Amino acid sequence: MLSCESTDQFVQLIGEDVAIFTHRVRTVVRLDGAEQTLDERETIVFHQRDGQWPAVHEHLSGAPE
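Keep in mind that what you see is a predicted model, and the values were worked out from it rather than measured.

Conventions we followed
Residues numbered from 1 in each chain as written. Predicted model: local features only at pLDDT ≥ 70, side-chain atom pairs only at ≥ 80, totals over all residues. Heavy atoms only, no water. Helix = DSSP H or I, 4+ residues; strand = E, 2+ residues; numbered from the N terminus. Buried < 20%, exposed > 50% of the residue type's maximum accessible area, 1.4 Å probe, protein only. Contact = heavy atoms within 4.5 Å. Salt bridge = Lys/Arg side-chain N within 4 Å of Asp/Glu carboxyl O.

What about unusual backbone geometry?
One non-glycine residue, Asp-32, lies in positive phi territory at about 50°. The topology assignment puts Asp-32 in the loop between β2 (18-31) and β3 (34-47). Its identity as a non-glycine residue notwithstanding, Asp-50 has a phi of 50°, on the positive side. Examined against the element boundaries, Asp-50 turns out to sit in the loop between β3 and β4 (55-62).

Regarding the environment of Val-11
With respect to the helices, strands and loops of the structure, Val-11 is situated in strand β1 (residues 3-14). Val-11 sits in the exposed class, given a relative accessible area of 51%. Taking the C-alpha atoms as reference, Val-11 lies 10 Å from Phe-46; in sequence the two are 35 residues apart. What Val-11 contacts, discounting residues up to four positions off in sequence, is Ala-19, Ile-20 and Phe-21.

Overview of the pattern of salt bridges
As enumerated under the stated definition, the model contains two salt bridges in all. In this structure, the salt-bridge partner of Arg-26 is Asp-39, at a minimum N-O distance of 2.9 Å. With Arg-26 in strand β2 and Asp-39 in strand β3, this residue pair connects regions lying 13 residues apart in the sequence. The exposure class of Arg-26 is partly exposed, given its relative accessible area of 42%. According to the relative accessible area criterion, Asp-39 is partly exposed, its value standing at 34%. Here Glu-35 and Arg-30 are joined by a salt bridge, their closest N and O atoms 3.3 Å apart. For Glu-35, a relative accessible area of 53% corresponds to the exposed category.

This is the structure we're talking about:
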């Protein structure tokens, strides 16, 4: 990975023990000597347990242009 940029961050609280974090991710990688840019959208679901917020689900998909 050459670089990674997060934009459009948003956190949504569901009740007192679930949080959903979404953002856009732009990652630049080099594969076989060629640079590629990946534009994606990521969602991470957190569930509070014993005062901590571990991630319980993550989804990453290509972002529409």
